[in-house]
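Descriptive analysis of the structure
So the chains spell out like this:
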Amino acid sequence: MQDLVKDMEWYISRFTYMDEDNTKEAFYTTWQEERHVLEVPCYESDALSDMEIRLAAAKGMTQYKDLPFRRQYGYKLQFDALAAGRFQPYSYFLHMRKKPDFQAEHFRVLPAGEYLCFRTRLLLESWDTRLLNERFRLAAPPRLVIALEFEDNLVDWSDAMYEIQMLL
């Protein structure tokens, strides 16, 4: 029962987070704790459905059947593609409630740290590349770029809002 309460609190905080108007700037920073995900690769030729099927197949594997997952999907992105205005993921993932107590092929860790963030409708490829490129013009590219989906539209998923998190 305590796990269910914790999950409900997590869902409320994650999915109301995007409603908060705490970002007057195009970019903002957040501190993220270490996160554990089930991850599969993406390929340039993949349609979104290919990525989803691959992740569903991994999640359905026998060794993962009793693991608690959270409904928070995301992608790891190529920074160069993001800076050019293209959605080009190299992996697709699903958050786990906690770190598994065994090692497995598809487990990954999203590291704790400070992330530079912005929000966009990622699948529409309509973010402001000028601001992104100006921000990193003299700086090293981020070590990791992830995009977290926030399902704000149950009719048209292509219009979903994403938070882009870039590990500094």
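Rules and cut-offs
Note that residues are indexed from 1 along each chain, following the sequence as it is written. At least 70 in pLDDT is required for a residue's local features to be given in this predicted model, at least 80 for side-chain atom pairs to be given and counted, and no such filter applies to totals for whole chains, interfaces and linings, which use all residues. No hydrogens and no water enter the side-chain calculation; it runs on all heavy atoms of the structure. Each nonpolar core is a collection of buried residues, namely Ala, Val, Leu, Ile, Met, Phe, Trp, Tyr and Cys, held together in the definition by side-chain atoms within 4.5 Å. The cut-offs for exposure are 20% and 50% of the maximum accessible area for each residue type, with area from a 1.4 Å probe on protein chains only; residues under the lower value are buried, those over the upper are exposed, and the others partly exposed. Note on conventions: DSSP H or I runs of at least 4 residues are helices, E runs of at least 2 residues are strands, and numbering of each starts at the N terminus. Should any heavy atoms of two residues lie within 4.5 Å, those residues are considered in contact. For a helix, the expected span equals 1.5 Å multiplied by the residue count minus one. Directions are taken from the helix axis to each C-beta atom, and the arc is the one they span. Note on ring pairs: Phe, Tyr and Trp rings are taken, using the six-membered ring of Trp, and paired if centres are within 6.5 Å. Classes follow the plane angle, with under 30 degrees stacked, over 60 edge-to-face and the rest tilted. Cation placement over rings: the criterion is NZ of Lys or CZ of Arg within 6 Å of the ring centroid and within 35° of the ring normal. Whether two strands pair depends on DSSP finding at least two bridges between them.

The next thing to look at is the nonpolar core. In this structure, Tyr 75, Leu 77, Leu 82, Leu 122, Leu 132, Ile 164 and Met 166 are the most contacted members of the largest nonpolar core, which totals 36 residues. The set of elements that each furnish at least two residues to this core consists of β2 (35–41), α2 (48–59), β3 (69–77), α3 (79–83), β4 (89–96), β6 (113–120), β7 (144–150) and β8 (161–167). Ignoring sequence-local partners within four residues, the contact set of Leu 77 consists of Leu 82, Phe 87, Gln 88, Pro 89, Tyr 90, Leu 122, Val 145, Ala 147 and Ile 164. By size, the runner-up hydrophobic cluster in this structure holds 11 residues, among which are Val 37, Leu 110, Cys 117 and Leu 144.

Take α2 next. For α2, spanning 12 residues, the distance from its first C-alpha to its last is 17 Å, which sits close to the expected 16 Å at 1.5 Å a residue. Regarding α2, the residues found buried are Leu 48, Met 51, Leu 55 and Ala 58. The arc that holds every buried residue of α2, seen down its axis, measures 95 degrees, which confines them to one face. Relative to its buried face, α2 has exposed residues pointing more than 90 degrees away, namely Ile 53 and Ala 57.

This next bit is on the packing of aromatic side chains. Applying the stated rule across the entire model yields 8 aromatic pairs. Look at Tyr 64 and Phe 107: their rings are 5.3 Å apart centre to centre, the planes differ by 40 degrees, and that puts the pair in the tilted class. Placement of Tyr 64 in the loop between α2 and β3 and of Phe 107 in strand β5 (residues 107–110) is noted, with a sequence separation of 43 residues between them. We note that Tyr 64, like Phe 107, is buried. The lysine or arginine in question, Arg 135, covers the ring of Phe 136, its NZ or CZ lying 5.1 Å from the ring centre.

With that out of the way, let us pick up unusual backbone geometry. We note that Glu 125 has phi near 50 degrees; this positive angle belongs to a residue other than glycine. In this fold, Glu 125 is placed in the loop between β6 and α4 (129–135). With a relative accessible area of 38%, Glu 125 lands in the partly exposed category.

Another point: the side chain of Asp 46. Mapping Asp 46 onto the fold places it in the loop between β2 and α2. Classification of Asp 46 by relative accessible area gives buried; the value is 15%.

It is a general feature of regular strands that their side chains alternate between the two faces of the sheet. Within β8, 7 of the 7 residues are buried, leaving the element largely enclosed by the surrounding structure. Alternating residues of β8 divide into Met 161, Glu 163, Gln 165 and Leu 167 and Tyr 162, Ile 164 and Met 166, and every residue in both groups is buried. Sheet topology places β6 next to β8; 6 bridges connect them, and they run antiparallel. Across the sheet, residue Phe 118 finds its bridge partner in β8, namely Ile 164. As paired elements, β7 and β8 share 7 bridges and run antiparallel to each other. Bridge pairing links Leu 144 to Leu 167 in β8.

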